[in-house]
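In case you want the letters, here they are:
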Amino acid sequence: STDIGKYVYMVALLDRNEDLFYRFVMDNLDEMMPIIYTPTVGKGCQEFGHIFRRPRGLYVSRKNRGRVSEMLKNWPYDDVRIVVVTDGERILGLGDLGANGMGIPIGKLSLYTACAGIYPTQCMPVMLDCGTDNQELLDDPLYIGIQEPRLRGVEYDALIAEFMSAVQEKYPKACIQLEDFGNTNAFRILEAYRESACLFDDDIQGTAGVALAGFYSALNLTGDRLSDHKFLFLGAGEAGIGIGSLIVTGLMAEGLSEADARKKCWYVDSKGLVVSSRTGLAEHKLPFAHDHAPIQGLLEAVETLQPTAIIGVSGKPSTFTRPVVEAMARLNMRPIIFALSNPTSMAECTAEEAYTWTDGRAIFASGSPFDPVTYKGQTFLPGQGNNAYIFPGVGLGVVAAEAVRVTDEMFFVAAKTLAAQVTPEDYAQGRIFPELSRIREVSIAIAVDVAEVAFRRGLTDFERPADLVKHITSQMYDPAYKTYV
């Protein structure tokens, strides 16, 4: 009767009958995605050691240094194509959950199968157990991970390097998805390996893809171009910088210089507006640190900068306050309000708040689902800017093309393709993303366009099939049960 109870039930079903699990999830995606993924997976991770039934996935710790290749040889399947790996330091908006964060790779890979047809045997969830700085877990006798402070520095980097090398050696056709690493490590690992491995960071690039798709869809409601907008972010971590960087790509495609494109994106972090005069800025924030007088709060930033869109990626709930949202409504006929922090409890504002505080004029999207909102006789179906719209299709395209790299261009193309899947009926109901029930169809469209990038850019030795759609769909897993009368 509770969401966490349903989560436990579904994980148990996955353990004993994969075909039935995926058939049920695929036939009831609207209802089941919030159970097996956000927001319930967040609670599942918090309680992971307390609801543990059977092991699933590969756990690698500092104690396994020098033996990671040997450990991979024990994995029961030889044709792994998608590896989702985390170290559990920044699980959703919930912080350091250590080895309990294994629920995220398991959940992500279940969506690869349900939404894009990657075979379950081709998926490998991995937890790099590097300890935890969460004192509650260190004191919990049921915690499943190593009860030591987090591994840092040279030892941490060496474990990452050994893992990357081992995966590439054992599974040369695999795509590695980084998931829920802390900000500092996430940017470093992505930059260190993106040119030598088939790898991407979903929090940086996947979130960027789905957000940019939302903006392109919003343009159909505002009637203008991306370059007519100014974007203000609350939060300057992986998601925020990733979205801003992909927006810059979109703006440059409309003819802006890189410098002018970056000036369209502004950030407020825990210390106020990110400006060039601030000292001690993290390296990933520097490209978006503009020349401007310091500003302390979000409301002042909205009033001063007059953005057309605010994007919440802070992990801080209720930070899009009524004065902030009302200011956006005063400044814009169709204010764009994306409250993207997960899970639902961490959203910067609710769908109901966004619609009622803007007199029904907001173009709204959230990271986790909200119920429909009825305001002045009109029912709005809030858009869910869920990475599940992007990463399964990108992964399917990379796997189908046997690409050796994952590029930012692939996520830009995926964003354009996703936006093109939104129907007039969706727009009429206030939805700026397609219905979840169409997600396999959407994933195929994204996969085709991503694979085309791989072929066009010479990122594969695989010969392009004459019928790319048929090639992709023929590889997709579809658990079928016969009907007997």
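As the structure is a computational prediction, the values presented were derived from the model and not from experiment.

**A closer look at the overall build of the protein**
What the protein contains, in helices and strands, is 20 helices and 14 strands. By the compact-globule yardstick of 23 Å for 485 residues, the protein fits well, its C-alpha radius of gyration being 22 Å. Each of the three principal axes of the protein carries a C-alpha extent, and together these read 60 × 60 × 50 Å. Relative to its 485 residues, the protein shows a buried fraction of 60%. Of the contacts formed within the protein by residues at least 6 apart in sequence, a portion of 72% connects residues at least 24 apart. Counting only carbon and sulfur atoms, one obtains 50% of the accessible surface of the protein, whose full area is about 19,500 Å².

**Regarding the pairing of strand β6 (residues 231-234)**
Going residue by residue along β6, you find F231 and F233 tucked away on one face and L232 and L234 tucked away on the opposite face as well. For β6 and strand β7 (residues 265-269), the ladder comprises four bridges, and the chain directions are parallel. Across the sheet, the residue bridging to F233 is Y267, located in β7. Direction of pairing for β6 relative to strand β9 (residues 309-312): parallel, over a ladder of four bridges. Paired with F233 across the bridge in β9 is I311.

**Points about the side chain of S443**
Secondary-structure assignment places S443 in helix α19 (residues 439-456). Apart from residues no more than four positions distant in its own chain, S443 is found in contact with C115, A116, P392, G393 and L396.

**Here's the deal with the packing of aromatic side chains**
Evaluation of the coordinates by the stated rule reveals 14 aromatic pairs. Taking the centre distance of 4.5 Å and the plane angle of 10° together, the rings of F233 and Y267 count as stacked. Within this pair, whereas F233 is found in strand β6, its partner Y267 is found in strand β7, the two being separated by 34 residues in sequence. Connected via pairs of aromatic rings, a cluster forms that spans F21, Y22, Y119 and Y477. Its end group placed over the ring of F288, R262 keeps NZ or CZ at 4.9 Å from the ring centre.

**Some remarks on the environment of D467**
Within the secondary structure layout, D467 lies in the loop between α19 and α20 (468-473). Judged by its relative accessible area of 42%, D467 is partly exposed. At a separation of 3.4 Å, a polar atom in the side chain of D467 contacts the main-chain amide nitrogen of V469.

**Remarks on the sheet that holds β7**
Taken in spatial order, the seven strands line up as β8-β7-β6-β9-β10-β11-β14 in an open sheet, and their pairing is mixed. Bordering the open sheet on either side are β8 (272-273) and β14 (383-384), each of which pairs with just one other strand. The pairing of β9 with strand β10 (residues 336-339) spans four bridges and is classified as parallel. Its bridge partner lying in β10, I311 is registered against F338. Lying over the sheet, helix α10 (residues 202-222) contacts β6, β9, β10 and β11 (363-366), oriented at roughly 155° with respect to β10.

Rules behind the numbers
Residues numbered from 1 in each chain as written. Predicted model: local features only at pLDDT ≥ 70, side-chain atom pairs only at ≥ 80, totals over all residues. Heavy atoms only, no water. Helix = DSSP H or I, 4+ residues; strand = E, 2+ residues; numbered from the N terminus. Rg over C-alpha atoms; globule rule 2.2 N^0.38 Å. Buried < 20%, exposed > 50% of the residue type's maximum accessible area, 1.4 Å probe, protein only. Contact = heavy atoms within 4.5 Å. Areas by Shrake-Rupley, 256 points an atom, 1.4 Å probe, with all protein chains shown as cover. Pairing = 2+ DSSP bridges. Phe/Tyr/Trp six-rings, centres within 6.5 Å; stacked < 30°, edge-to-face > 60°. Lys NZ or Arg CZ within 6 Å of the ring centre and 35° of its normal. Polar contact = N/O pair within 3.5 Å; in protein donor to acceptor, adjacent residues only side chain to side chain. Axes fitted to C-alpha atoms, helices over the stretch in contact; angles between N-to-C directions.

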